[in-house]
Amino acid sequence: AEIVALTLDKDKQVVTQYAMEPLGRIGLLKMDFLGLKTLTVIQEVVDLVRETRGEAVDVNALPLDDRATYELLQRGDTIGVFQLESSGMRDLVRRVGVGCIEDLIAMIALYRPGPMNMLEDYVNRKTGKAPIEYEHPLLEPILKETHGVMIYQEQVQQAASVLAGYSLGQGDLLRRAMAKKMPEEMEAQRTAFIQGCMRTHRIPSAKAEKIFDTLAKFAGYGFNKSHSAAYGIVAYQTAYLKAHYPAEFMAALLSSEMGKMEKLPVLIAETRAMGLEVLPPHVNHSAVRFRPVPGGVRFGLAGIKNVGEGAAEEIVAERTRGGPYQGLMDFCSRVQGTLVNRKVIESLVRCGALDFPGMHRARLWAGIEQAMNRGAAHQRDRQSGQTSLFGLLEGGGQGVSDEQLADCPPWPESRLLAGERELLGVYLSGHPLSQKARLLRRYSLSTLAGLAGLPHGSQTRIGGLIAGLEQKMTKRKEAMAVLRLEDLDGSVEVVVYPEAFREYAAVLTPDRAVLVCGEVRQEEAPKLIASEIYPLEEAPAVFTRHVSVHLATTRLADGLLDRLKAVLAAHPGRTPVIVCLEYPTGEKVFLDIANSYKVLAEEALIDDMERLLGEESVYVAVNPTPCRKARDAYRRRPHNGEKRNG
């Protein structure tokens, strides 16, 4: 109030009415305080390790030469590792290798939009593809750590101090002038630097000016090393915890993303990829948050959509007080209805968290009203000190058995799985694609998990389930779509621009299994730009080149050929068939019988032929070209100024 005018922002916080530069000129200090969710994750891992293993982990005293940690980093196994999650950074650490904490700090400083032009120079020098050179021998001690590339702001300050006799404070003024490209200040600094180099080390003016220009070039992109080092240490801590305490780490990471249905599937896929089982939520086994268990992670109750931490805490607290729940009726009699309301109970039933022996979810769902009424009456009696005759017969007022719930037909698997997908973000007891796994393996050229390893701009073909679909309008008022494609290992965003959308809109329906052909984009996370989209069941007709049948001549005498003809005739289509006759001498004769028999190379045909001829007797030749059409359509970027609305 005495130095600078103040006001209130939209959140009623006191702020200055002056911008940053004038504040600095009148002597006020600007500071940034960053709140990192990762720090909470680290602390939760430490707490879980103490509870589950009895070990005390001091993250501030970790050995910085841990082999398992660097092996994890070099594999690019960095999902969940602070600052190293993007596909580009994973590719970088795999390509370059991280052998020490200094490497990690440098990569975090370099992997930003500004200094990306320095990145290749750094990589080439570090890997020996380019020589390490210094503008002056005095720069070697300063730049040796970064292979001769000036990455940090502190290196600019040190260079000015060593070469031109600047104090570190003067060096900071030089760095600031260079970073903010202040022309007048830069000219004044250039003169002072050249004179300082001559005075301190007799460096010729031409050489000093060249060094100054080099400093100016790097200073514009230089990163504060203390900031990068702090981030590097946090990155190392998370990598160390993931390498040594995988279940605890993934439990804490999953807990940090509760309520974010778009992120949980990615983390659950990573958990499974690490060899850890993700156990479903259950009112008798789950904690409020995700918890490590032997060999895996147990889903947290608060991670269920519509449940929330308040209801989860009440469920766990009552279980701790009164022991495991015996069924839905017992559950409703014991928990507070104000916290665990009907919507919570419905969500618990649909996702399987109230599965009890002998009770299927349809029966529990139909009995919710009865159980809640019974539970409310029991709690009123208990509060008034009354106990009914039936309560005495039932053992002191405990809820009646679920056997009294009316029976009904069980839900089909599709409804069970749909409930899990909606409320948990993933399928835990099964997956709709499980029955189509062979089709996926045969006709996909990559998996969603393998997209991160494909080059930017490359073409591929991937099968999966449309798990989320959103139609949008471009600025030109053309319809397009953004969908989330999910396979058995993970999920990816697929963008369907207007040209492709017009042709394939009829295929785009939620929960449909499809085959997407398109271009890989390596951004923060890999994504796919769709060129063609086909129902997965049409893949055999669209992408099969031919079917080869391998037949031992020793079996021809038992009527096998007639039975083979019958099988082929039962599956008519457009795919040519080739018969390979295998003689005992090792010779092979190929017969093209396409004029007589063409088939649909569906799974039923493969099964029928393998039952007749034996396993591995049938080979399906799949078209290796990602897209069916011999044109490069739908790969365009949005027009200038065009963005997706929404």
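This text follows the structure it describes.
Rules and cut-offs
Residues numbered from 1 in each chain as written. Predicted model: local features only at pLDDT ≥ 70, side-chain atom pairs only at ≥ 80, totals over all residues. Heavy atoms only, no water. Helix = DSSP H or I, 4+ residues; strand = E, 2+ residues; numbered from the N terminus. Rg over C-alpha atoms; globule rule 2.2 N^0.38 Å. Areas by Shrake-Rupley, 256 points an atom, 1.4 Å probe, with all protein chains shown as cover. Lys, Arg positive; Asp, Glu negative; His and termini not counted. Charge placed at Lys NZ, Arg CZ, Asp CG, Glu CD. 1 Å grid on protein atoms, 1.4 Å probe; cavity = no way out; pocket = protein on both sides within 12 Å on 5 of 7 lines; lining within 4 Å. Points joined across faces, edges and corners; volume = space filled by probe spheres on them. Nonpolar A, V, L, I, M, F, W, Y, C, P; charged D, E, K, R; others polar. Salt bridge = Lys/Arg side-chain N within 4 Å of Asp/Glu carboxyl O. Buried < 20%, exposed > 50% of the residue type's maximum accessible area, 1.4 Å probe, protein only. Contact = heavy atoms within 4.5 Å. Polar contact = N/O pair within 3.5 Å; in protein donor to acceptor, adjacent residues only side chain to side chain. Core = buried A, V, L, I, M, F, W, Y, C linked by side-chain atoms within 4.5 Å. Phe/Tyr/Trp six-rings, centres within 6.5 Å; stacked < 30°, edge-to-face > 60°. Pairing = 2+ DSSP bridges.

Student: Explain the overall build of the protein to me, and be specific about the residues and the numbers.
Tutor: Summing up its helical and strand segments, the protein has 26 helices and 15 strands in all. The C-alpha radius of gyration of the protein comes to 33 Å, more than 25% above the 26 Å expected for a compact globule of 646 residues. Principal-axis analysis of the C-alpha atoms gives the protein an extent of 100 × 90 × 55 Å. Element-wise, carbon and sulfur atoms account for 52% of the exposed surface of the protein, whose accessible area totals about 32000 Å². For the protein, the centre of its 79 positive side-chain charges and the centre of its 81 negative side-chain charges are spaced 4 Å apart.

Student: So what about the layout of surface pockets? Which residues, and what values?
Tutor: Leftover empty space is mapped by rolling, across the atoms, a probe with the size of a water molecule. There is about 890 Å³ of room inside the second largest pocket. Lining of the second largest pocket is provided by 20 residues; of these, Met 20, Lys 30, Arg 175, Arg 176 and Lys 180 occupy positions nearest its centre. If you list the elements that add at least two residues to the lining of the second largest pocket, you get α1 (20-25), α8 (153-164) and α9 (168-179). Counting residues per element, the lining of the second largest pocket draws most heavily on α1, which supplies five residues. For the lining of the second largest pocket, the class distribution of residues is seven nonpolar, four polar and nine charged.

Student: Pulling in residues and values, what's your account of the pattern of salt bridges?
Tutor: Evaluated as defined, the whole model comprises 38 salt bridges. The closest approach of N and O atoms between Glu 318 and Arg 334, which form a salt bridge, is 2.9 Å. Taken as a pair, Glu 318 in helix α15 (residues 308-322) and Arg 334 in helix α16 (residues 328-334) lie far apart in primary sequence, 16 residues in all. On the basis of relative accessible area, Glu 318 is assigned to the buried category, the value being 12%.

Student: Which residues make up helix α17 (residues 342-351), and what are the values?
Tutor: Those residues of α17 not exposed but buried are Val 344, Ile 345, Ser 347, Leu 348, Val 349 and Cys 351. Along its buried surface, α17 packs onto α15, α16, α18 (361-366), α19 (368-384) and α21 (413-424). Here α17 starts with a cap whose side-chain oxygen sits 3.2 Å from the backbone nitrogen of Lys 343, and that cap is Asn 341. Positive phi shows up at Gly 352, right after α17, with a value of about 95°.

Student: Describe the nonpolar core, with residues and values.
Tutor: Core analysis: the biggest nonpolar cluster contains 119 residues, and Phe 193, Ile 304, Phe 331 and Leu 348 have the highest contact counts within it. Considering each element in turn, this core owes the most residues, eight residues, to helix α5 (residues 101-110). Contact partners of Phe 193, with chain neighbours within four places excluded, come to Ala 160, Leu 163, Ala 164, Tyr 166, Leu 174, Ala 208, Ile 211, Phe 212 and Leu 215. Within the second largest apolar cluster, 56 residues are counted, among which are Leu 440, Ile 466, Met 609 and Val 620.

Student: How would you sum up the packing of aromatic side chains? Please name residues and give values.
Tutor: Counted by the stated rule, this structure contains 10 aromatic pairs. Plain terms: the ring middles of Tyr 166 and Phe 193 are 6.3 Å apart, the flat faces sit at 65° to each other, and that makes the pair edge-to-face. Of this pair, Tyr 166 sits in the loop between α8 and α9 while Phe 193 sits in helix α10 (residues 183-201); the two residues are 27 residues apart in sequence, bridging distant segments of the chain. Note on accessibility: Tyr 166 and Phe 193 belong to one class, buried. When the ring of Tyr 534 is compared with that of Phe 543, the centres are 5.6 Å apart and the planes differ by 80°; the resulting orientation is edge-to-face. Comparing Tyr 534 with Phe 543, the two get one shared label, buried.

Student: So what's going on with the pairing of strand β11 (residues 544-552)? Which residues, and what values?
Tutor: Bridge count for β11 against strand β15 (residues 618-622) is five bridges, and the pairing is antiparallel. Bridge pairing in β15 links His 546 to Ala 621. As paired strands, β11 and strand β12 (residues 572-582) are joined by six bridges and run parallel to one another. Paired with Leu 551 across the strands is Leu 581, a residue of β12.

Student: Which residues make up empty space enclosed by the protein, and what are the values?
Tutor: Scanning the entire structure with this criterion turns up two cavities of 30 Å³ or more. Of the voids in this model, the largest cavity is the one considered here, and its volume is about 130 Å³. Contributing to the lining of the largest cavity are 14 residues, with Arg 272, Val 426, Glu 486, Asp 487 and Gly 490 lying nearest its centre. The element that contributes the greatest number of residues to the lining of the largest cavity is helix α14 (residues 264-273), accounting for five residues. Of the residues assigned to the lining of the largest cavity, the class counts are seven nonpolar, three polar and four charged.

Student: Describe the side chain of Asn 284, naming the residues involved and giving the relevant values.
Tutor: Along the chain, the position of Asn 284 falls in the loop between β3 (277-279) and β4 (291-293). When neighbours within four sequence positions are excluded, Asn 284 is seen to be in contact with Arg 319, Pro 324, Tyr 325 and Phe 356.

Student: Could you give me a rundown of the side chain of Glu 257, with the residues and numbers involved?
Tutor: With respect to the helices, strands and loops of the structure, Glu 257 is situated in the loop between α13 (246-256) and α14. The exposure class of Glu 257 is buried, given its relative accessible area of 8%. Among all residues touching Glu 257, those that are not within four sequence positions of it are Lys 37, Lys 263, Leu 264 and Leu 267.

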